[in-house]
Structure formats: C-alpha cells, structure tokens
Amino acid sequence: MIPYGRQEITQADVDAVVAVLQSDFLTQGPQVPRFEQGVAKHVGAKHALAVNSATSALHIACLALGLGKGDWLWTSPITFVASANCGLYCGAQVDFVDIDPRTYNLCPEALEAKLQKAEQEARLPKVLVAVHLCGQPCDMQAIHALGQRYGFKIVEDASHAIGGQYQNEYIGNSRYSDITVFSFHPVKIITTAEGGMALTNDESLASRMDLLRSHGVTRDPALMTHEADGPWYYQQIALGFNYRMTELQAALGVSQLERLDGYVARRNALAERYDTQLAELPIITPWQHPDSYSGRHLYVIRLKLDEISVSHRHAFETLRDQGIGVNLHYIPVHTQPYYQQLGFQHGNFPEAERYYAEAISVPLYPTMSESEQDLVIAALRKALGL
Ligand SMILES: *Cc1c(COP(=O)(O)O)cnc(C)c1O
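Residues numbered from 1 in each chain as written. Predicted model: local features only at pLDDT ≥ 70, side-chain atom pairs only at ≥ 80, totals over all residues. Heavy atoms only, no water.

Naming follows an unreviewed UniProt entry, where the chain appears as UDP-4-amino-4, 6-dideoxy-N-acetyl-beta-L-altrosamine transaminase of Vreelandella zhuhanensis. Taken verbatim from the UniProt record of the chain, the Sequence similarities (unreviewed entry) comment is "Belongs to the DegT/DnrJ/EryC1 family." (UniProt positions renumbered as here; feature names shortened; annotations may be inferred.)

Spelled out as structure tokens, the structure:
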C-alpha cells in the first residue's frame, strides 16, 4: 500500500532520541526550550510553546484569548474536528464559515457577510480559527482586517502548514493573527510522534499559555500572590492541564526541523509533477494563490463527476483496491453526529458539502519516489474509468 502520507525517521533522529533516553531528563529538561527556540527562530515568532498535541495547543490558545461561556468560536467546516472542538472545551459555542471554492479555505467574503449579520444579532465571534488547509495559507490579510473591524481574535491552525509561506514570510510569524498552532503528528510535515506548538508575539499570551500547559502552576515570584514560603514553593494560580511535550519528542523535533525546508521543497516538486501529469484528467488539481507557498501537507483532487461515468465512492474504492492509500480530508465538521446534535444540518454550508462529494487526497510525502507517484497516477486513470 502506498500511504497518503508518512514520516521519515533518519539515523540522526534515532540517535537524538536515544541520547535523551540516556540523559538525566526525560521531561522538563533542555530539549523542549531548544526545540521551541529553533521553531520560533525559523518562522520568525517571538514566543513558542511546545505541547503534547496541536489539539492541546488550540485549547490553551483559546483559553489564553479569554474564550469562555457565552462566547462564539468560528472556523471552517473543512478541517479536522480539533479546530472546532477547542471552542467547545472552553464552554463556548461553535459556528462555521463556508469555504472558498478555489482554495477550500474559509472564504473571507462569506466571513464578512456572516459578521454583518452576527453584528445585528449581537453574536459576533470572539475567536476565529483560520485553518490553512493542505498547507495553503488562508487570505490572512483580509481576515485580519475583518478582525480589526469586528473585534475578534485570530488563531491560525497551521497544523498542515509549517515550512510554508504567506506573502514571502514563514507561516507561524503570526503577522496577521494572535497565535499560530502547528501539529507534529507523524502524517504532518515534521513529527515528534505526538506533539504541537503554539507561537505568538504577545508576551502575556505566551505567559498565559505557559501556565495553562503545566497545571496553572508557577515558580515565578513575579506571578505569585504573596512571597514564597521557601525555596520549595510553587503556586497554582490558574486551572491548567498537563499538556507538556517530553524531552524525547523535542529532541526528535530538533532533529526533524533541520530537514523542514527540504521536505517542503520536495513536497512542492512532487505536487507540481502531479499538476503536470494530471492536467488532462477529468479532475480539478489544487489551485494555488500567488501569495502562498504551501507546505503541501495534502494533495487534494476533485473529481469532475459530470465528466466521468463512475461515482466518487467507486473511484475512491478502486484506488484503495489498487493499493493506493487515498483518504478524504475532511468530512465537513458540521455533519458529524456530535455537531448535528448541537443543531447543525446537512445543507448549512453548501460549498463545503460540494467539496466533500468530490475530494480525494492522493499520496504525497517527501520520501515518495517518482515511480511510486507514477503508480498512483496510473491507478487514478483506471479508477476514473479511463
Ligand atoms: C492534525 C490536525 C489537528 C490536530 O493535531 P494533533 O497534533 O493530532 O492534535 C488539528 N487541526 C488540523 C487542521 C489538523 O490537521
């Protein structure tokens, strides 16, 4: 089976993890700060907080931004459920903004229309989670301008997008957002097994997230309500969690980070090769906005169903039957049973639902060979009935 995505683990990665196993610190040692500084420097952010998953990073990002009961979080329906669930974790309500039919990212025009309506109904969002689907950045300048006008905070869910760029700057510098989140799950661009990171240029948000990732407990005298009882003393000043990243994970991250730009370049080269080789097929290949250099986490094609004689499902199954590990990113979140029970219905976000009826993620990962890619292309032709 050719998988839709997979990690690369080199001997250098293995050595880095083994060295940590033989060191004094398995957690709360020097590797986590080293990884944080490495990523912050690479993308151009002031502060970076490593955590045990992007899901945790989204949770503490929302809490740090003050999201709570009575508030709204908005995001795209075409994302992994975690981009929306973080709002529910905070006791807030979640709503969605339909996607742009070209980029499949949250559509700024649909956002503006929804904001105008929400303003009249006094239910404007407090936080917007902008998801950079497949690694292609959202129209952040437009979203940021709307944020200024309507007073919401912005979290970039850049789980797919580390190593990519927006307007010639690395995604993660949070120029147009409050906080950016990365994921280091093995299918993503670089991995720490499980792991995530929150980046910000705002010192108070960084300090708040630092507290929340580790029980809400501080050893910083400046944050305590009174003078320390003694050198053993710590204070719990917020209700936090144990969302810490381990030293083993961070050492793997440091080692993987060295290959980040190479991975993204290779993903782009393979994606461009797909673009060329698939150009004549009855499918839509991923359109790229000129402002973006995508991390190319995923290569999503859309079937032109009116030009082929097979169904979406049949094409998908025929690919799987031929050993091609295709996938579908994503099932619109508002159609999940948990969200339907909150009141969402099929038909609420038509562009997202149209996308879901046509999309297939075909294999793309940096160690993929051109001959493997050729197998995917041949299998796809067959699956489309050509
Ligand atoms: C993978 C992913 C997440 C969750 O990442 P974890 O590190 O697995 O928690 C969140 N949002 C998006 C868009 C993702 O792809």
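So that's the structure; there's more coming.
**Here's the deal with the packing of aromatic side chains**
Inspection of the entire model under this criterion finds 11 aromatic pairs. Arranged with centres 4.9 Å apart and planes meeting at 10°, the rings of F241 and Y243 form a pair that is stacked. Since its relative accessible area comes to 23%, F241 is described here as partly exposed. By the ring-pair criterion, three or more aromatic residues cluster together here, those being F96, Y338, Y339, F344 and F349. Note that K114 overlies the ring of W74, its terminal NZ or CZ placed 5.4 Å from the centroid. Geometry around W72 places R123 over its ring, the cationic atom sitting 4.4 Å from the centre. (Phe/Tyr/Trp six-rings, centres within 6.5 Å; stacked < 30°, edge-to-face > 60°. Buried < 20%, exposed > 50% of the residue type's maximum accessible area, 1.4 Å probe, protein only. Lys NZ or Arg CZ within 6 Å of the ring centre and 35° of its normal.)

**Some words on the sheet that holds strand β3 (residues 93–96)**
The strand order β1-β9-β8-β5-β4-β2-β3 describes an open sheet built from 7 strands, whose pairing is mixed. Looking along the sheet, the strands with just one partner apiece sit at the ends: β1 (47–51) and β3. The mean inter-strand angle of the sheet, taken between neighbouring strand axes irrespective of direction, is 20°. In terms of strand pairing, strand β5 (residues 153–157) meets strand β8 (residues 179–183) through 3 bridges, oriented parallel. Following the sheet pairing, E156 is matched in β8 by T180. Helix-sheet contacts for helix α3 (residues 54–64) involve β1, β2 (72–75), β4 (127–131), β5, β8 and β9 (196–200), and the interaxial angle to β8 is about 165°. Of the strands in this sheet, β2, β3 and β4 are in contact with helix α5 (residues 108–120), which crosses β2 at around 160°. (Pairing = 2+ DSSP bridges. Helix = DSSP H or I, 4+ residues; strand = E, 2+ residues; numbered from the N terminus. Axes fitted to C-alpha atoms, helices over the stretch in contact; angles between N-to-C directions. Contact = heavy atoms within 4.5 Å.)

**A closer look at the site of the ligand**
Taken together, 15 residues are adjacent to the ligand, and T55, D157, H160, S183 and K188 come closest. In the environment of the ligand, a nitrogen atom lies 2.7 Å from a nitrogen or oxygen atom belonging to the side chain of D157. Within the contact set of the ligand, an oxygen atom lies 3.0 Å away from a side-chain nitrogen or oxygen of Y330. Burial of the ligand by the surrounding chains reaches 92%, relative to a free accessible area of 380 Å². (Near = heavy atom within 4 Å. Polar contact = N/O pair within 3.5 Å; in protein donor to acceptor, adjacent residues only side chain to side chain. Areas by Shrake-Rupley, 256 points an atom, 1.4 Å probe, with all protein chains shown as cover.)

**Side note on the layout of surface pockets**
Reported here for the largest pocket is a volume of approximately 570 Å³. Lining the largest pocket are 22 residues, with Q28, D210, R213, S214 and R244 sitting closest to its centre. Secondary-structure elements contributing two or more residues to the lining of the largest pocket are α2 (31–43), α7 (203–212) and β10 (217–218). Residues of the lining of the largest pocket, tallied by class, amount to 8 nonpolar, 7 polar and 7 charged. The volume enclosed by the second largest pocket comes to roughly 350 Å³. Around the second largest pocket sit 23 residues that line it, and F80, S183, H185, K188 and Y330 are the ones nearest its centre. Taken together, the elements giving at least two residues each to the lining of the second largest pocket come down to α3 and α4 (82–89). (1 Å grid on protein atoms, 1.4 Å probe; cavity = no way out; pocket = protein on both sides within 12 Å on 5 of 7 lines; lining within 4 Å. Points joined across faces, edges and corners; volume = space filled by probe spheres on them. Nonpolar A, V, L, I, M, F, W, Y, C, P; charged D, E, K, R; others polar.)

**A look at the sheet that holds strand β14 (residues 299–303)**
On the basis of which strands lie adjacent, the open sheet formed by 3 strands has the order β12-β14-β15 and antiparallel pairing. Every interior strand has two partners, whereas the edge strands, β12 (283–284) and β15 (359–362), have only one. Here β14 pairs with β15 via 4 bridges, running antiparallel. What sits directly across from R302, in β15, is A359. Each of β14 and β15 is contacted by helix α10 (residues 312–321), which is oriented at about 15° to β15, the strand it contacts most.

**Some thoughts on the nonpolar core**
With 77 residues, the main nonpolar core has L278, I301 and I360 as its most contacted residues. If you tally residues by element for this core, the top one is α3, at 7 residues. Residue contacts for I301: discarding those within four places in its chain leaves L278, I283, I284, E358, A359, I360, V362 and L380. Ranked by size, the runner-up nonpolar core spans 43 residues in total, among them V97, A118, I171 and F182. (Core = buried A, V, L, I, M, F, W, Y, C linked by side-chain atoms within 4.5 Å.)

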